[in-house]
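# Residue-level structure breakdown
Take a look at the letters that make up each chain.
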Amino acid sequence: YPQGEKGLRARLQNVVDSDFAQITYTDAVALLQKEIAEGRATFTAYPSWGDDLGSEHERYITEQIYKKPTIVINYPKGIKAFYMKLNDDNETVAAMDILVPKIGELIGGAQREDNLA
């Protein structure tokens, strides 16, 4: 394609025009497990709480569920860096990944721990 990948312009316009969806990591894992249980999805790796989401999971969320960019928040502390801010539940951290259709994770970020006591 002389003007780049076919459909790229429309996908990029979707990113620009869409309000991003937001879901917690816990809800994303439960949603993926429900999709499997109801026969709507199959994955190479089963999505389990405490494991990092794979590209296949991230793309499914953005391409099949929301059909737009999605922010996943509040990841388990065990899969993120020690310096990320611990949430009040003592199980998750204030981290997020921005997921985009056809790509998966575009960028991630987190609040840094500020309670040094």
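Quick note: structure is the one above.
We now examine unusual backbone geometry. In this structure, Asn74 takes a positive phi of about 60° despite not being glycine. With respect to the secondary-structure elements, Asn74 resides in strand 2 (residues 70–76). What makes Asn74 partly exposed here is its relative accessible area of 24%. Positive phi, normally seen in glycine, also occurs at Lys102, with a value near 70°.

Glancing now at the pairing of strand 4 (residues 104–110). Of the pairings in the sheet, the one linking strand 3 (residues 92–100) to strand 4 comprises six bridges and is antiparallel in character. Paired with Ile98 across the two strands is Ile107, which belongs to strand 4. Between strand 3 and strand 4, which pair antiparallel one after the other, the connecting turn spans three residues, and Lys102 there sits at a positive phi close to 70°.

This paragraph deals with the side chain of Ser18. Residue placement: Ser18 occurs in the loop between helix 1 (8–17) and strand 1 (21–24). Owing to a relative accessible area of 16%, Ser18 belongs among the buried residues under this scheme. Within the structure, Ser18 has its side chain in polar contact with the backbone oxygen of Asn14 (distance 2.6 Å). In this view, Ser18 contacts Lys68 and Pro69; residues no more than four positions away in its chain are not counted.

Among the secondary structure elements, Asn87 is positioned in the loop between strand 2 and strand 3. Residues in contact with Asn87, not counting those within four places in the same chain, are Asn74, Thr92, Val93 and Ala94.

On to the pattern of salt bridges. Scanning all chains against the criterion turns up seven salt bridges. When the shortest N-O distance is used, the salt bridge between Asp97 and Lys80 registers 3.9 Å. With Asp97 in strand 3 and Lys80 in the loop between strand 2 and strand 3, the pair connects residues that are 17 residues apart, well separated along the chain. You can call Asp97 buried: its relative accessible area is 2%. In this structure, Lys85 engages Glu113 in a salt bridge whose closest nitrogen and oxygen atoms are separated by 3.5 Å. Of the two residues, Lys85 sits in the loop between strand 2 and strand 3 while Glu113 sits in the segment after strand 4, which places them 28 residues apart along the sequence. When salt bridges that share partners are traced, they join Glu35, Glu38 and Arg40 into one network.

Rules used in this analysis
- Position numbers for residues start from 1 in each chain and track the written sequence from start to end.
- In keeping with the model being predicted, local features are shown solely for residues with a pLDDT of at least 70 and side-chain atom pairs are shown and tallied solely at 80 or more, while totals for entire chains, interfaces and linings include all residues.
- Values reported for side chains reflect all heavy atoms of the structure, with hydrogen atoms and water molecules removed beforehand.
- By the criteria applied, helices consist of DSSP H or I runs no shorter than four residues and strands consist of E runs no shorter than two, each listed in order from the N terminus.
- Note on classification: 1.4 Å probe, protein chains only; a residue is buried when its accessible area is under 20% of the maximum for its type, exposed when over 50%, partly exposed between these limits.
- Two strands qualify as a pair provided DSSP detects at least 2 bridges between them.
- What qualifies as a polar contact is a pair of N or O atoms within 3.5 Å, subject to a donor-acceptor requirement within protein and to the restriction that residues adjacent in sequence count only when both atoms come from side chains.
- In what follows, a contact means two residues having at least one pair of non-hydrogen atoms within 4.5 Å.
- Each reported salt bridge corresponds to a side-chain nitrogen of Lys or Arg within 4 Å of a carboxyl oxygen of Asp or Glu.

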